[in-house]
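Report on the structure
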Amino acid sequence: MGEKLTYKDAGVDTKEGGRAVELMKDHVKRTFSENVLTGLGSFGSMYRLDLGDISEPVLVSGTDGVGTKLKIAFLMDKHDTVGQDCVAMCVNDIVCQGAVPLFFLDYIATGRVQAEKIADIVKGIADGCVLSECSLVGGETAEMPSFYAEDEYDMAGFAVGIADKSRIIDGSKVAEGDILIGLPSSGIHSNGYSLVRKIFFDKMDLDVADYVEELGTTLGDALITPTRIYVKACKAVFGKYDIHGVVHITGGGFYENIPRIIPEGLGAEIRTGRWEVPEIFRYIKKCGNVDAREMFSTFNMGIGMIMVVDPKDAEGVTALLQASGEKPSVIGKITAKEGIEIINGDQIL
């Protein structure tokens, strides 16, 4: 019959997987609330719903990944921040509907489980959950030899939130004259990295360790900065003001995301110069010779989230956002002209 083979001979080391679980336990536990009814190791995760004053509960869910930003983590061998990106991409979407996140689950697939690396990834996920005030209730780490490269991985996440039906934000209240309040991003966030890598690594032949004078840091550190999470900011205003629309500026930039919450027949005017554009975007434009419209079509340009409010509420919403630690800017308004108009977009770049 020949030699006896084991699962480990096929490339799957269940003992290393078990060690990874042990290393991540403390990270996961710090996200738990009193509503989490199961610990690590359960076949299913249980979460007790505390409805509070919610009369018609609606569950709002979202799923997403990190995309090719993971390539930066591979190049830098730094894995403790991309988990936050994964959480952010999910929870920032569900707050756009007026929901607050309850819990999060992750999926990590890799060619070879390396316990310390997996624990680092989960640390970032836990960091994101703490910032989101939601619990990391479960996940899966799949070891898939010969399917993924040994030192590489992919990850995805899934978040569930809750909203009262009467307070769901769907854009139907957006009206001409409404004010757009922008919240700053931390940089590129998690979209546009295929273009970024083509410009910096293919065209410019740069390395993540290269110090870039314009950025005041290494290229890698500028690119791996984690996505901001806006849950705290949204919680500060939800229920206190009637928010007409919330936009998460992700893939597609301003031109594709803002129309998702604008009723037919209306548009938006964005006035540049009212917020600080992170230097990384000017560096991308310069190195790649990218025109302004393409920049605003691909990147967040320094605005990670937009709230659309009635003009009479703009001052009050801004004050609450500032009190929550945000630096909001009035960046535009809703217009009767369809489409998105960026005023002087080329001049700020």
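The paragraphs below set out a description of the structure included in this document. Keep in mind that what you see is a predicted model, and the values were worked out from it rather than measured.

How each quantity is defined
Residues numbered from 1 in each chain as written. Predicted model: local features only at pLDDT ≥ 70, side-chain atom pairs only at ≥ 80, totals over all residues. Heavy atoms only, no water. Helix = DSSP H or I, 4+ residues; strand = E, 2+ residues; numbered from the N terminus. Contact = heavy atoms within 4.5 Å. Core = buried A, V, L, I, M, F, W, Y, C linked by side-chain atoms within 4.5 Å. Buried < 20%, exposed > 50% of the residue type's maximum accessible area, 1.4 Å probe, protein only. Pairing = 2+ DSSP bridges. Axes fitted to C-alpha atoms, helices over the stretch in contact; angles between N-to-C directions. Parallel < 35°, antiparallel > 145°, perpendicular 65-115°, else oblique. Left-handed = near helix turned anticlockwise from the far one by under 90°.

What to know about the side chain of Thr318
Within the secondary structure, Thr318 sits in helix H11 (residues 314-323). The contact partners of Thr318, leaving out residues within four places of it in the chain, are Ile181 and Pro328.

So, the environment of Gly41
Take Gly41: it is sitting in the loop between helix H1 (14-29) and strand S1 (57-65). Each C-alpha atom of the pair Gly41 and Glu279 lies 44 Å from the other, and the pair is 238 residues apart in sequence.

Observations concerning the nonpolar core
Counting residues in hydrophobic clusters, the biggest one holds 98 residues, and the most contacted among them are Phe104, Met155, Phe200, Leu223, Phe254, Ile258 and Ile284. With seven residues, the top contributor of residues to this core is helix H3 (residues 82-94). Apart from residues lying up to four places away in sequence, Phe200 is in contact with Asp205, Leu206, Leu219, Leu223, Ile280, Tyr283, Ile284 and Cys287. In this structure, Val36, Leu102, Val137 and Ile162 belong to the second largest nonpolar core, which totals seven residues.

Section: the sheet that holds strand S10 (residues 303-309)
Remark on secondary structure: sheet strands pair via backbone hydrogen bonds, oriented parallel or antiparallel. An order of S8-S10-S5-S11-S9-S12 is seen for the six strands of this open sheet, with the pairing classed as mixed. Looking at the sheet topology across the chains shown, the edges are occupied by strand S8 (245-248) and strand S12 (339-343). Between one strand and the next, the sheet's axes are offset by a mean angle of 25°, whatever the strand orientation. With four bridges joining them, S8 and S10 adopt antiparallel strand pairing. When the bridges of S10 are listed, Val247 appears paired with Ile306. In the packing of H11 onto the sheet, contacts are made with strand S5 (179-184) and S10, and the angle to S5 comes to roughly 10°.

Thoughts on the packing of H1 against helix H4 (residues 115-132)
Two elements in contact, H1 and H4, have axes separated by 8 Å at closest approach and are oriented at 25°. On the basis of their axis angle, the class for H1 and H4 is roughly parallel. The element H1 and its partner H4 pack so that their crossing is right-handed. Facing H1, whose interface residues are Glu16, Arg19, Ala20, Leu23, Met24, His27 and Val28, H4 presents Ala115, Glu116, Ile118, Ala119, Val122, Lys123 and Ala126.

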